[in-house]
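Residue strings, one per chain:
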Amino acid sequence: MCGLCDNLFNFLINKPGPIMSRENGKMLNFNKNGLNGSLPTFIDFLQLEVLDLTYNLLSGSIESQLNGLSGLKSWNLSFNTFTGSIPIAKIHARMLTMNNFQGSIPKEIAHYRNLSWIDFTMNKLSGSLLMKIGELSLSWRS
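Residues numbered from 1 in each chain as written. Predicted model: local features only at pLDDT ≥ 70, side-chain atom pairs only at ≥ 80, totals over all residues. Heavy atoms only, no water.

## Structural notes on the overall build of the protein chain
Across its full length, the protein chain holds 0 helices and 12 strands. Tracing the protein chain from N to C terminus, the helices and strands come up as β-β-β-β-β-β-β-β-β-β-β-β. Taking all 142 residues of the protein chain together, the buried fraction comes to 43%. Long-range contacts, defined as pairs at least 24 residues apart, comprise 37% of the intrachain contacts of the protein chain with a sequence gap of at least 6. Counting every atom, the protein chain has about 7500 Å² of accessible surface; 52% of that belongs to carbon and sulfur. (Helix = DSSP H or I, 4+ residues; strand = E, 2+ residues; numbered from the N terminus. Buried < 20%, exposed > 50% of the residue type's maximum accessible area, 1.4 Å probe, protein only. Contact = heavy atoms within 4.5 Å. Areas by Shrake-Rupley, 256 points an atom, 1.4 Å probe, with all protein chains shown as cover.)

## A short note on the environment of T97
The topology assignment puts T97 in the loop between β8 (93-95) and β9 (100-103). T97 sits in the buried class, given a relative accessible area of 8%. Taking the C-alpha atoms as reference points, T97 and L77, 20 residues apart in sequence, are found 7.4 Å from one another. Setting aside residues up to four positions removed in sequence, T97 forms contacts with S78, F79, D119, T121 and N123.

## Things to note about the pattern of salt bridges
Pairs can form between side chains of opposite charge once their charged atoms are near each other. Evaluation of the coordinates by the stated rule reveals 2 salt bridges. With its nearest N and O atoms 3.5 Å apart, the salt bridge here joins K26 to E49. Of the two residues, K26 is situated in the loop between β1 (2-3) and β2 (27-29) and E49 in the loop between β3 (36-38) and β4 (50-52); the sequence distance between them amounts to 23 residues. Given a relative accessible area of 22%, E49 falls into the partly exposed group. When salt bridges that share partners are traced, they join K26, E49 and K73 into one network. (Salt bridge = Lys/Arg side-chain N within 4 Å of Asp/Glu carboxyl O.)

## A few points about the confidence of the model for the protein chain
Of the residues in the protein chain, 73% have a pLDDT of 70 or more, and the chain-wide mean is 75. For the protein chain, the element scoring lowest by mean pLDDT is strand β12 (residues 139-141), at 48; strand β7 (residues 81-84) scores highest, at 92. Within the model, pLDDT remains below 50 along residues 14-22, and this stretch shows 26 contacts once partners closer than five positions in the same chain are excluded. (pLDDT = per-residue confidence, 0-100.)

## Digging into the side chain of N31
Within the secondary structure, N31 is located in the loop between β2 and β3. Since its relative accessible area comes to 12%, N31 is described here as buried.

Next up, the structure:
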């Protein structure tokens, strides 16, 4: 685990190093740091399962930046100013509260059987709510 929350860092690690080995690092927590700018593309975080970047000043689209995180099970990117559409990824928990995501909830989410939590509260989402989403066994907040 790499827990560096509640500090004043103004950079984000996008490659493993001495602070977090790429083989053993399963959690990266940089919440409440004042990080700003775009989310970097994460490289070589092969074992990363949990990514928490809440309460920062990160912005822009996150479509491709998380593609290399094949082991990711949970992300919390809430309370930033990310834009664009909600990324499609088969993960267990996704918290994207209070950003500027637009468009509709991806239809693919209705088929993710391992979802345990989703929270898209306070975004700019539109469209119809997926009927199959009610069949999932998860906690839902909107």
